[in-house]
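Each chain, letter by letter, is given below.
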Amino acid sequence: MNGFFCATEVEPLKIPDTKIDEILEQTDIYQLIDEVVPLKKAGNSFKGLCPFHTEKTPSFNVHPDKGYFHCFGCGEGGNSISFVMKYHNFAFPDAVRFLGERCGVTIEYDQNASQDAKDIVALHDELTIDSRKFLYSQEGKTALNYLYKRSFTDKLLEEFLVGYFPANVDTSKYVRKYDKSVLINSGLFKEGKYGLRLMFYDRVMIPVKGVTGKTIAFSGRTISDQQPKYINSPETEVFKKRRVLYNMDKAKQFLRKSEFAMVVEGYFDVMRLSEYGFGNCVASMGTSLTSEHISLLRRYTGDIYMLFDGDQAGYNSALKSLETFLMTDTFPYVVFLPEGEDPDSFLAKHGKDGFEQMLGEKKDLFLFAAEALLKKSKDFNAKLRSLDKIKNLLVSVKSPYRKDHYAAKLSAMYQVDENTLRKDIDISAAKTTLRRTEYSAQNGKTGNRSMTYFCERDFVAALVQLPEDVSLMMTENILPEYFNDRKMSEIYKKVLEVLENGDNINVLLSTPDIAKELSPVLVSDLNSDLYRTAAASREKILANSIRESMNRKIKDTSDMGEKRRLLIEKFRVKKQSQEKTEPED
Ligand SMILES: [Zn+2]
């Protein structure tokens, strides 16, 4: 594997879907995993000690005929590609290339697609240069003054290639030079009354680069009262905002030296901090941090610091991010600016030293969340409920040392006996494992909430295995909003996208997060009648959504007669759905 690894979060050369299928078919998942985890035969499958969590008895299963692995201990799972991504910490294209080399499948790139991708990058470069010219032209005067007023120097603007596009840029130059499909697919041009026009109109332009330094998108900031304040390029072949962090291309050199990455809120924050010598800063593109962002950061650095505003909105964003971090088993620090300050104003007042001092007051996000919950708990009962919530999160923490550390902190914080808390955590962990095993043994009869989750999961897992046309039919009238489980709803949304675009489902199934969620069903022998599973779970999801929308209506109506009518309707629907599903259970 020497010299093989090359990290690219943007893949300008698209690997053809058929190659991915071929590689998955040619790869023996048993051999692949057995090389790093010794496996023993157990019935139709193979078992071994899980490489993703510490265990003494094997709960890691590999099903060569199905092409999937799944661990009943920690819940990790997926296909060969996601195994390589997870085990070797590879990005998707690198994992595919790795497996391709291994089984002797040569990847011929889709020439048309890759030419288009190259042209799109070239177009971005040209637009960057042109926007720089506009900024320093007569038309760019107001924009430049705006930037000067915010104390951006020419040097800093050049370093980050900040430019400007006035209203109504003449596009004929680009139309002559590039294929129309390239201009449209770049997402930067729109068809207007008088031909193609640029989507950015009287805005300061901030070029966004991928990890490798190629410009793949723009963010345009208004200098007038135009709304919204920022407009970003739409998602394209080369730009997926879920995976792109602003300034990652520059930050990665600093990250190798510095021990942590700093995630801030805005592009201008990144520029300002870099001016003060903090080159290790990145920003997400108007979304909250995704698991893809986190694994990108983790490829380059050990610790992640999240910088937030020191107000309620900042606290809430911090708390909201906890779940994504736990999902990826990552434990960041949070740093809050004093209320009313942004990095810009803070640095102006306190300088680099003051900023470093503030970083020193970082808090562990998990403990910050525990503290925030405790603060909200007004009495003993509320405190116990909060402790229960945070304890359930602690159960999923993989490192035993970290778990110990948090248990000690929590018991002090909540003033409960440490041993009792530890026992409680062990019991909860055992319950979780038991629930998983139970499910695999009897296809799930475990409490109300979990049943809904299992049903939604079965539905999605069936969709990805059935022939595309059947799946597409099954998804009719089922909206992602009907799902109770948020994560499953997200996955369903992605599956829908793939089905509707005619894309390759195997690509989606190789995404570690998704593979992990669906793998317990994909390896199970119980769902052999996929069509029936899909149809039955579809009915249940529909019934759930009807019941919920009725509940909402019943709650919202103040007309007693209407309320009665709705209640009767609700009971009727409930009876019907019981009649439908009961004989099967
Ligand atoms: Zn495991």
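Calculation rules
Residues numbered from 1 in each chain as written. Predicted model: local features only at pLDDT ≥ 70, side-chain atom pairs only at ≥ 80, totals over all residues. Heavy atoms only, no water. Pairing = 2+ DSSP bridges. Helix = DSSP H or I, 4+ residues; strand = E, 2+ residues; numbered from the N terminus. Axes fitted to C-alpha atoms, helices over the stretch in contact; angles between N-to-C directions. Parallel < 35°, antiparallel > 145°, perpendicular 65-115°, else oblique. Left-handed = near helix turned anticlockwise from the far one by under 90°. Contact = heavy atoms within 4.5 Å. Nonpolar A, V, L, I, M, F, W, Y, C, P; charged D, E, K, R; others polar. Domains from an automatic or database assignment. Salt bridge = Lys/Arg side-chain N within 4 Å of Asp/Glu carboxyl O. Buried < 20%, exposed > 50% of the residue type's maximum accessible area, 1.4 Å probe, protein only. Phe/Tyr/Trp six-rings, centres within 6.5 Å; stacked < 30°, edge-to-face > 60°. Lys NZ or Arg CZ within 6 Å of the ring centre and 35° of its normal. Expected span 1.5 Å × (residues − 1). Donors = N, O, S within 2.8 Å, 3.2 Å for Na, K, Ca; no water. Tetrahedral: all angles 85-135°; square planar, octahedral: opposite > 155°, others 65-115°. pLDDT = per-residue confidence, 0-100.

Engineer: Sorry, what's going on with the pairing of strand E8 (residues 195-198) here?
Structural biologist: As judged from the four bridges shared by strand E7 (residues 189-192) and E8, these two strands associate in the antiparallel manner. Within E8, the position partnered with lysine 190 by the bridge is arginine 197. What sits between the antiparallel neighbours E7 and E8 is a turn of two residues.

Engineer: Quick question: what am I supposed to make of the packing of helix H15 (residues 365-376) against helix H16 (residues 380-395) here?
Structural biologist: The description of two packed helices rests on the angle between their axes and on the distance between the axes. Viewed as axis vectors pointing N to C, H15 and H16 meet at an angle of 160°, and their least axial separation amounts to 9 Å. If you check the angle between H15 and H16, you find them roughly antiparallel. Once H15 is placed against H16, the crossing between them reads as right-handed. Residues Phe366, Ala369, Ala370, Leu373 and Leu374 of H15 lie in contact with H16, whose contacting residues are Lys383, Ser386, Lys389, Ile390, Leu393 and Leu394. Looking at the contact of H15 with H16 residue by residue, the classes come out as eight nonpolar, one polar and two charged.

Engineer: Please clarify how the domain arrangement of the protein chain should be interpreted in this entry.
Structural biologist: Accessible area lost upon the coming together of the parts is a frequently used measure of interface size. According to the domain assignment, the protein chain consists of domain 1 (17-103), domain 2 (111-232), domain 3 (245-363), domain 4 (377-430) and domain 5 (448-584). A straight line from the C-alpha centre of domain 1 to that of domain 3 covers 34 Å.

Engineer: Help me understand the pattern of salt bridges, please; the structure alone is not making it clear to me.
Structural biologist: Pairs can form between side chains of opposite charge whenever their charged atoms are close. Throughout the structure, instances matching the rule amount to 21 salt bridges. Between glutamate 126 and lysine 177 there is a salt bridge, with the nearest N and O atoms lying 3.1 Å from each other. In this pair, glutamate 126 is assigned in helix H5 (residues 111-135) and lysine 177 in helix H8 (residues 172-177), connecting sequence segments 51 residues apart. By relative accessible area, which is 56% here, lysine 177 ends up exposed. Ionic pairing is found between lysine 349 and glutamate 341, a salt bridge with its closest N-O pair at 2.7 Å. A relative accessible area of 13% places glutamate 341 in the buried class.

Engineer: It is not clear to me how the packing of aromatic side chains should be interpreted in this structure. Could you clarify?
Structural biologist: The description of an aromatic ring pair rests on the distance of the ring centres and on the angle between the ring planes. In this structure the tally under the stated criterion is 27 aromatic pairs. Note on phenylalanine 483 and tyrosine 492: the rings are 4.7 Å apart at their centroids and 20° apart in plane angle, and the pair reads as stacked. Here a set of aromatic residues connected by ring pairs shows up, and it is made of Phe52, Phe60, Phe69, Phe83 and Tyr87. Note that lysine 250 overlies the ring of phenylalanine 160, its terminal NZ or CZ placed 4.0 Å from the centroid. Directly above the aromatic system of tyrosine 333 lies the positively charged group of lysine 362, at a separation of 4.9 Å from the ring centroid.

Engineer: Sorry if this is basic, but what is going on with H16 here?
Structural biologist: Because the α-helix completes a turn every 3.6 residues, residues three or four places apart line up on one side. With 16 residues, H16 should cover 22 Å at 1.5 Å per step; its first-to-last C-alpha distance of 22 Å lies within 8% of that length. Here H16 has its buried residues at Ala382, Lys383, Ser386, Leu387, Ile390, Lys391, Leu394 and Val395.

Engineer: In this structure, what is going on with the coordination of the zinc ion? I would like to understand it.
Structural biologist: Metal coordination angles have textbook ideals: 109.5 degrees for a tetrahedral set of four donors and 90 or 180 degrees for an octahedral set of six. The zinc ion binds to the protein through Cys50 (SG), His53 (ND1), Cys71 (SG) and Cys74 (SG); the donor distances cover 2.1 to 2.3 Å. Given four donor atoms and angles of 101 to 117° at the metal, the environment of the zinc ion is assigned as tetrahedral. Here the donor residues for the zinc ion map to a single chain with the spacing C-x2-H-x17-C-x2-C. Highlighted residues: histidine 53 in the loop between strand E2 (45-48) and strand E3 (60-63) and cysteine 71 in strand E4 (residues 68-71), separated in sequence by 18 residues. Taking relative accessible area as the criterion, cysteine 71 reaches 0% and is therefore assigned buried.

Engineer: For this particular structure, what's the right way to read the confidence of the model for the protein chain?
Structural biologist: Note: predicted coordinates in regions of low pLDDT should not be interpreted at a detailed level. In the predicted model, the protein chain carries a mean pLDDT of 84, and 90% of its residues have values of at least 70. Here helix H18 (residues 418-442) is the element of the protein chain with the lowest mean pLDDT, 65, and strand E6 (residues 163-165) is the one with the highest, 98. pLDDT under 50 marks residues 1-12. Its contacts with residues more than four places away, or in other chains, come to 38 contacts. With pLDDT under 50 throughout, residues 580-585 is counted as low confidence; its partners more than four residues away or in other chains account for seven contacts.

Engineer: Looking at this structure, how should I read the environment of leucine 307?
Structural biologist: By the element assignment, leucine 307 lies in strand E15 (residues 303-308). It is 6.0 Å that separates the C-alpha atoms of leucine 307 and valine 334, two residues lying 27 residues apart in sequence. Discounting chain neighbours no more than four positions away, the residues touching leucine 307 are Met262, Val263, Val264, Glu265, Val335, Leu337, Pro343, Phe355 and Met358.

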